Amino acid sequence: MFIEIIGSILFFLKIDKISLSRQFDFINADLTETIVDDNKLDLTFTISESERFYVERINIFGNNITFENVIRNRLEIDEGDPFNELLNARSINNIRATNLFAKVNSEITDGTEIGTKILNITVEEKPTGEISIGAGAGTEGGTLGFSVSENNFLGKGVKLATALKLTEDTVKGSFSVTNPNFNYSGKALSTSFERTSVDKITDNGYEVDKTGFSFGTGYEQFENVRFTPKLSNYYEDLKTSSIASSTLKKQAGSYIESKFFYTLDYDMRNQKYQPSDGFRSIFRQGVPLYSDEYALSNTYDFKKWYKLPNEMVTSFNIYGGIVQSLNGEDVRITNRNFLPRNKLKGFNTRNIGPVDNTDYVGGNYAAAVNFDTTLPMVFQTLENVDLRYFVDVANLWGVDYSSSVDQSNTIRSSTGFVVDWFTPIGPLNFSLSQDLSKAPDDRTESFQFNLGTTF
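Given the structure is predicted, the values throughout are model-derived calculations rather than measurements.

Looking now at helix H3 (residues 85-97). In this model, H3 (13 residues) spans 18 Å end to end at C-alpha, consistent with the 18 Å of a helix rising 1.5 Å per residue. Taken residue by residue, H3 has Leu87, Asn88, Ser91, Ile92, Asn94 and Ile95 as its buried positions. For H3, the buried positions fall inside an angular range of 155° around the axis, keeping them on one side. Phi turns positive, to about 60°, at asparagine 99, one or two residues after H3.

This is the structure:
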């Protein structure tokens, strides 16, 4: 019976797609469920021709800050088009997906002429600016991050974001601008500027300054599949001292690098914020266009969510990354793999993996498996607090430039708890972790937190 239900639902979705493709403007599709003998289910599909109405006018209310064209660009129907309930519902969902409004409601009334309808759309605007601060504390010092973003700049739906990350030896800053519907094309246009400075001249004998910019676009290539290509250009200056390793001394100098990156994002989550069902599959590749070592990078990230009968939400994540030179040269230290922080909690992810002359040089290969689940029974009396238990297992290994450097092929693992607390000033997220296995040189970071607010 389960297979029959799935097949019926797919058939219903097919009717919906036919309507959305404008092959049939005046159809409705209804689904009726009837329980039979307590263990059977009858599904009745009613495909009918709707009355022929046309859209006389579309009124939009409540957008005191947001330009009206930002909302109208999300509509599947326009004034003068045939009126279709499925297309109208799709339009409302598109407006909600912008995440610019707290509420979106629609009302359909009769037009001034026979056979016409008037669509009244009412939105309630919400704060679209965000400020967040994050920090981590562990056995070897701490990290600090700060970011400010505005998702509706000047009411035009343009996104601005700036971020700053500080550690004991690294300063990284970035600024980006994204227009999600450039020139009314339905495609995003993004530009970003970035500068990174790493000063390890005293401890490891080198320092790096990297400055660059990128620009790209993004759009839905297929249903639920978003394609995001971009072109990046960077200038890098690597300086070494007498205490640097022989490999780093060989890499010293100035470099100009141009790369083509693209992402394929297959998103089947039931909702973008705190999903409870579905999956998301992301593949990224960086192809060198002009470089000295022509490093080709590939990463894959897959995550699946399950909602259990007791309202617990469980997720399972698989991550992998590989970077290799296409011309046999050594991959520079700034292009090597490091694990993202959320893939291995409880560790300082920039301080694990292969070590050369006391410096963490990253790996050619990275892999992680993550499991977490909510524990609703712990804070069931507090609606604004969520507790999650997690287990992370990961590895970062591989050195292509020297057989004498330890490959650090060691399984790292940690477990602990993450608390999401929705405070009056914004969401607070912090984690307490305990490492279960690690390499001798790995540095742990048992406490991490992030705090954000809106304006």
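The next subject is the sheet that holds strand S3 (residues 54-61). Here we have three strands laid out as an open sheet, ordered S3-S5-S4, and mixed in their pairing. Of all strands in the sheet, those with a lone pairing partner are S3 and strand S4 (101-110), marking the two edges. Direction aside, the axes of adjacent strands within the sheet are offset by 15° on average. Here S3 runs beside strand S5 (residues 116-125); their pairing, made up of seven bridges, is parallel. When the bridges of S5 are listed, valine 55 appears paired with lysine 117. Lying over the sheet, H3 contacts S4 and S5, oriented at roughly 160° with respect to S4.

Moving on, we get to unusual backbone geometry. The residue tyrosine 294 is not glycine, and still its phi comes out positive at about 45°. Phi at serine 408 takes a positive value of approximately 55°, unusual for a residue other than glycine. Within the secondary structure, serine 408 is located in the loop between strand S21 (385-397) and strand S22 (412-423).

Once that is clear, we can look at the packing of aromatic side chains. Under the defined criterion, the tally for this structure stands at 10 aromatic pairs. Ring geometry for tyrosine 389 against phenylalanine 417: centres 5.5 Å apart, planes inclined by 55°, an arrangement best described as tilted. Of this pair, tyrosine 389 sits in strand S21 while phenylalanine 417 sits in strand S22, placing them 28 residues apart in sequence. Residue classification places tyrosine 389 among the partly exposed residues on the basis of a relative accessible area of 28%. Through a chain of ring-to-ring contacts, three or more aromatic side chains come together here, namely Tyr219, Phe227, Phe260, Tyr262 and Phe283.

Basis of the calculations
- Residues numbered from 1 in each chain as written.
- Predicted model: local features only at pLDDT ≥ 70, side-chain atom pairs only at ≥ 80, totals over all residues.
- Heavy atoms only, no water.
- Helix = DSSP H or I, 4+ residues; strand = E, 2+ residues; numbered from the N terminus.
- Expected span 1.5 Å × (residues − 1).
- Buried < 20%, exposed > 50% of the residue type's maximum accessible area, 1.4 Å probe, protein only.
- Arc of directions from axis to C-beta.
- Pairing = 2+ DSSP bridges.
- Axes fitted to C-alpha atoms, helices over the stretch in contact; angles between N-to-C directions.
- Contact = heavy atoms within 4.5 Å.
- Phe/Tyr/Trp six-rings, centres within 6.5 Å; stacked < 30°, edge-to-face > 60°.

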